[in-house]
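Each chain, letter by letter, is given below.
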Amino acid sequence: MATIFFLPFFLSLIFLPSTNAGYWPPSPGYYPSTKFRSMSFYQGFKNLWGPNHQNVDNNGINMWLDRNSGSGFKSVKPFRSGYFGASIKLQPGYTAGVITAFYLSNNEAHPGFHDEVDIEFLGTTFGKPYTLQTNVYIRGSGDGKIVGREMKFHLWFDPTKNFHHYAILWSPREIIFLVDDVPIRRYARKSVATFPLRPMWLYGSIWDASSWATEDGKYKVDYRYQPFYGKFTNFKASGCTAYSSWWCHPVSVSSYQSGGLSRQQRQAMNWVRSRYLVYDYCMDSKRDHSLTPECWR
């Protein structure tokens, strides 16, 4: 009898899935990355800084951070809405303090009073997973007045093994963040005061953020492990540029042309949030939520 009891129990231990393995989201039922045309780097972007720390091929760009510099790029055109995506592969090993980012911003047009929508990969230490941070700034500044709207996730895969597609949908009514076509966050426009509406450019960068990136700055960039690479390819930037006619219709990441998410997409998003969400600014009791009224509306 003891043997009969032990064998099923032993087998159950063997087949228990490990962390970040086996737990894949349900199908969202719609795949927006297949709906928009890919472009090469030079079709849509230019170097912003660190030209000696990037290598461009026909389709993508490799950027790196070392003791001397990081690197960044910027879209040629500003946009007022659209779908913005890239396939990204991150560096394994010790990457604490390193930020690899793909984001929208108008900081150069409105310094000290800018809007921003971020996908940021927060570097990590050996044996710990990357954190994907999504964030939204509205008319913020770097002078102590900035109000972040961070939501942080772990991923259901190892982002250092292969390229995965990360995207932002920005329309006049909502912002949706997606990973491999699975929505992970929807930020709705609830008021003009809490939503970015001015034109923004699309950026990518890799840089040293030792002061805050990994466990609130506990672990810094260790340049014994340099260079730190971020690889980008399969760029997509489709929508209404700042120069488009006002008749230009915002794009959607669902089968509904008016925007929003389908029931199946919402189910996939809720699945991810229930398993991989590790921080939600709306749930942070230390935050002053009079500055983030969208949390309660």
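Quick look at the structure, then. Here the structure is a predicted model, which is why all the values come from computation and not from measurement.

### Details of the overall build of the chain
Part 1 of the argument: A tally of regular secondary structure across the chain gives three helices and 15 strands.
Part 2 of the argument: Expected size for 297 residues packed as a compact globule is a radius of gyration near 19 Å; at 20 Å, the chain falls within 12% of this value.
Part 3 of the argument: Along the first, second and third principal axes, the C-alpha set of the chain runs to 75 × 45 × 45 Å.
Part 4 of the argument: Here the contacts in the chain between residues at least 6 apart in sequence split such that 68% fall between residues at least 24 apart.
Part 5 of the argument: Accessible area for the chain stands at about 14700 Å²; split by element, carbon and sulfur atoms hold 55% of it.
Part 6 of the argument: In the chain, 32 side chains carry a positive charge and 21 a negative one; their mean positions are 6 Å apart.

### Structural notes on the pattern of salt bridges
Part 1 of the argument: Counting across every chain of the model gives seven salt bridges.
Part 2 of the argument: The salt bridge partner of Glu294 is Arg149, with a shortest N-O separation of 2.7 Å. Here the residue Glu294 occupies a position in the segment after strand E15 (277-280), and Arg149 occupies one in the loop between strand E8 (131-140) and strand E9 (151-153), the gap between them amounting to 145 residues. Like Glu294, the residue Arg149 is buried in the burial classification.

### A look at the state of the cysteines
Part 1 of the argument: Enumeration according to the criterion identifies two disulfides in this entry.
Part 2 of the argument: The side chain of Cys240 participates in a disulfide bridge whose partner is Cys248; the two sulfur atoms lie 2.1 Å from each other. One disulfide, between Cys240 and Cys248, carries an S-S torsion of -95° and so falls in the left-handed class.
Part 3 of the argument: By relative accessible area, which is 26% here, Cys248 ends up partly exposed.
Part 4 of the argument: Taken in N- to C-terminal order, the disulfide-linked cysteines of the chain are connected 1-2, 3-4.

### Some remarks on the sheet that holds strand E4 (residues 71-75)
Part 1 of the argument: A sheet is described by the order of its strands in space; here eight strands give the open sequence E1-E4-E13-E6-E7-E8-E9-E15, paired in antiparallel fashion. Edge positions in the open sheet fall to strand E1 (45-49) and E15, since each of these has one partner strand only. Neighbour-to-neighbour, the strand axes of this sheet turn through a mean angle of 20°, independent of strand direction.
Part 2 of the argument: Pairing analysis gives four bridges linking E1 to E4, with the strands arranged antiparallel. By the bridge assignment for E4, Trp49 is matched with Gly72.
Part 3 of the argument: Where helix H3 (residues 263-276) meets the sheet, it contacts E9 and E15, and its direction lies at approximately 90° from that of E15.

### Some points on the packing of aromatic side chains
Part 1 of the argument: Taken as a whole, this structure holds 24 aromatic pairs when the rule is applied.
Part 2 of the argument: Aromatic pair Phe126 and Tyr225: ring centres 5.6 Å apart, planes at 80°, arrangement edge-to-face. Taken together, the residues span a long stretch of sequence, with Phe126 in the loop between strand E7 (114-122) and E8 and Tyr225 in the loop between strand E13 (201-208) and strand E14 (228-241) at a distance of 99 residues.
Part 3 of the argument: We classify Tyr225 as partly exposed; its relative accessible area is 33%.
Part 4 of the argument: Taking the centre distance of 5.5 Å and the plane angle of 90° together, the rings of Trp156 and Phe157 count as edge-to-face.

Calculation notes
- Residues numbered from 1 in each chain as written.
- Predicted model: local features only at pLDDT ≥ 70, side-chain atom pairs only at ≥ 80, totals over all residues.
- Heavy atoms only, no water.
- Helix = DSSP H or I, 4+ residues; strand = E, 2+ residues; numbered from the N terminus.
- Rg over C-alpha atoms; globule rule 2.2 N^0.38 Å.
- Contact = heavy atoms within 4.5 Å.
- Areas by Shrake-Rupley, 256 points an atom, 1.4 Å probe, with all protein chains shown as cover.
- Lys, Arg positive; Asp, Glu negative; His and termini not counted.
- Charge placed at Lys NZ, Arg CZ, Asp CG, Glu CD.
- Salt bridge = Lys/Arg side-chain N within 4 Å of Asp/Glu carboxyl O.
- Buried < 20%, exposed > 50% of the residue type's maximum accessible area, 1.4 Å probe, protein only.
- Disulfide = S-S within 2.5 Å.
- Pairing = 2+ DSSP bridges.
- Axes fitted to C-alpha atoms, helices over the stretch in contact; angles between N-to-C directions.
- Phe/Tyr/Trp six-rings, centres within 6.5 Å; stacked < 30°, edge-to-face > 60°.

By themselves, these are just geometric observations and shouldn't be taken as functional.
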